[in-house]
Amino acid sequence: MYVGPTQSRSVLIAWGTTEGGGRNTIGRASKAMGNAVLRLNGDHPVTGRNWEEVGGLTPDTAYPYEVLIDGKRIGGGTVRTLPERATILNFFVIGDYGTGDLSQLEVARVMAREYQRLEAAGKHVRFVITNGDNIYAKKVFGVPTRRGTGNDDAHWESRFFLPYKPLIEHIPFYPSLGNHDGNESESTRDLPVYLDNFFFPGNVPARYYTFSVPGLADFFALDTTRNVAHDWPVPGFDVRSAQYQWLRKTLAASSAPWKIAYGHHPPFTAGPNHPASYNDLLPFMNLFRDNRVAAYFCGHEHNFQLATPHPEMGKAIMILSGAGGELRAGDVRDRMRAAGIAAWADTIHFLSVEIEGDEMRITPISPYPMPIRDPESKQISLPIVIHKP
């Protein structure tokens, strides 16, 4: 049971099983479990599929729901519509998380607790955006294999649906693609399952897309990978690509006070493992600069890094959060200045983000103490504040 895209007057609810075994048992095109009824602001009979979008709802209102299959209740939760015009926004960010390891479970539990804490305080977390690498291949004695890569629904139980159950019953995940979500690092068959199991704005599977929080923010999910598909003749960051042309037009058309982009690869990083994707992402960075994008969230490196302002990006600030399920330990302080990195931490975490007025406040949250240090080893104060361009 999980929530798909939410809007001011509609929500999408999905269900299914993670039996998999070569069959499509959960997701947009999965085989129907049986005759379903979604009870949400009335009864909605559903046949032939495992999801339903309900419209005609009231903005910024919590709706309890439940799903019955052949008359038997299989689960439920509560979902809240977006405001008609928002003045404040809370959301979470997580990257490189779908390992199934203890670290992922620890971060997931902290996310659930923080969600409940904010709800109790009247601050409604509206969604989670992901910085890619949503499902990793199975490991044996800590060593990655080519098995269980995410190309079967059964792989998703321990690495997505179970860890985030307390969240996905209430809020949607809006993902971006990582190299482990396709054949850049794993299996070509990972990508179709990713596109089926997640639900995207407009209810259309997409490698890149946009969605809005009315009156406040537009979000742009980007595919920065080299995952191959028959309709992907050049990488999506190439100026010849359909994605680049789409982003150029869509950013220019946006009049939102806040424009926020997110994807997997970082244009700047101090490591310790991956090089910066500066050359690949320069076309995107120039679009960020020319269209007053405020922030770019990314992952790939398994730690936390905050970039200094870079002229190529204008006022857009890069925030790297790639330790939602696996940590890549290693002190990078001696590399930070040369790499254009202002702050760093090597601790598993997720980000809690709040936008209010002209400020975006970003707080990394971990199951453990998480000092965030500058190149001189001084601990920086939290939250990290970004101002609207």
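Refer to the structure printed above.
Since the structure is predicted, the reported quantities are computational estimates derived from the model, not experimental observations.

Rules of the game
- Residues numbered from 1 in each chain as written.
- Predicted model: local features only at pLDDT ≥ 70, side-chain atom pairs only at ≥ 80, totals over all residues.
- Heavy atoms only, no water.
- Salt bridge = Lys/Arg side-chain N within 4 Å of Asp/Glu carboxyl O.
- Helix = DSSP H or I, 4+ residues; strand = E, 2+ residues; numbered from the N terminus.
- Buried < 20%, exposed > 50% of the residue type's maximum accessible area, 1.4 Å probe, protein only.
- Pairing = 2+ DSSP bridges.
- Axes fitted to C-alpha atoms, helices over the stretch in contact; angles between N-to-C directions.
- Parallel < 35°, antiparallel > 145°, perpendicular 65-115°, else oblique.
- Contact = heavy atoms within 4.5 Å.
- Nonpolar A, V, L, I, M, F, W, Y, C, P; charged D, E, K, R; others polar.

Structural notes on the pattern of salt bridges
Under the definition given, this model contains 22 salt bridges. Between arginine 117 and glutamate 114 there is a salt bridge, and its shortest N-O distance comes to 2.8 Å. With arginine 117 and glutamate 114 both in helix 1 (residues 102–120) and three residues apart, the pair spans about one turn of that helix. Close ionic contact of glutamate 354 with lysine 123 constitutes a salt bridge, the shortest N to O distance being 3.4 Å. Here glutamate 354, found in strand 20 (residues 350–356), pairs with lysine 123, found in the loop between helix 1 and strand 9 (125–130); they are 231 residues apart in sequence, far enough to count as distant. For glutamate 354, a relative accessible area of 10% corresponds to the buried category. A single salt-bridge network, built from bridges that share partners, covers Lys123, Glu354, Glu356, Glu359 and Arg361.

What about the sheet that holds strand 1 (residues 2–6)?
Strands sit in the order 1-2-5 across an open sheet of three strands; the sheet is antiparallel. Every other strand in the sheet has two partners, leaving strand 1 and strand 5 (51–54) as the edge strands with one partner each. Within the sheet, the average angular offset between the axes of one strand and its neighbour, ignoring direction, is 20 degrees. Pairing of strand 1 with strand 2 (residues 11–14), which is carried by three bridges, proceeds in the antiparallel orientation. Bridged to threonine 6 within strand 2 is valine 11.

Here we look at the pairing of strand 21 (residues 359–365)
Within strand 21, five of the seven residues are buried, which leaves the element mostly enclosed by the surrounding structure. In terms of strand pairing, strand 20 meets strand 21 through seven bridges, oriented antiparallel. Bridged to phenylalanine 350 within strand 21 is isoleucine 365. Hairpin connection, strand 20 to strand 21: the antiparallel pair is bridged by two residues, and glycine 357 has positive phi, about 60 degrees.

Here's the deal with the packing of helix 5 (residues 242–253) against helix 6 (residues 278–290)
The angle between the axes and the distance between the axes are what describe a pair of packed helices. It is at 10 Å that the axes of helix 5 and helix 6 come closest, and there the two elements cross at 5 degrees. Of the possible angle classes, the one that applies to helix 5 and helix 6 is roughly parallel. On helix 6, the residues that touch Gln243, Tyr244, Leu247, Arg248 and Leu251 of helix 5 are Pro283, Phe284, Leu287 and Phe288. Split into classes, the residues belonging to the contact of helix 5 with helix 6 amount to seven nonpolar, one polar and one charged.

Remarks on the environment of glycine 202
Counting through the fold element by element, glycine 202 comes out in the loop between helix 4 (190–197) and strand 13 (209–213). The class of glycine 202 is exposed, set by a relative accessible area of 61%. As for glycine 202 and isoleucine 341, which are separated by 139 residues in sequence, their C-alpha atoms are 36 Å apart.

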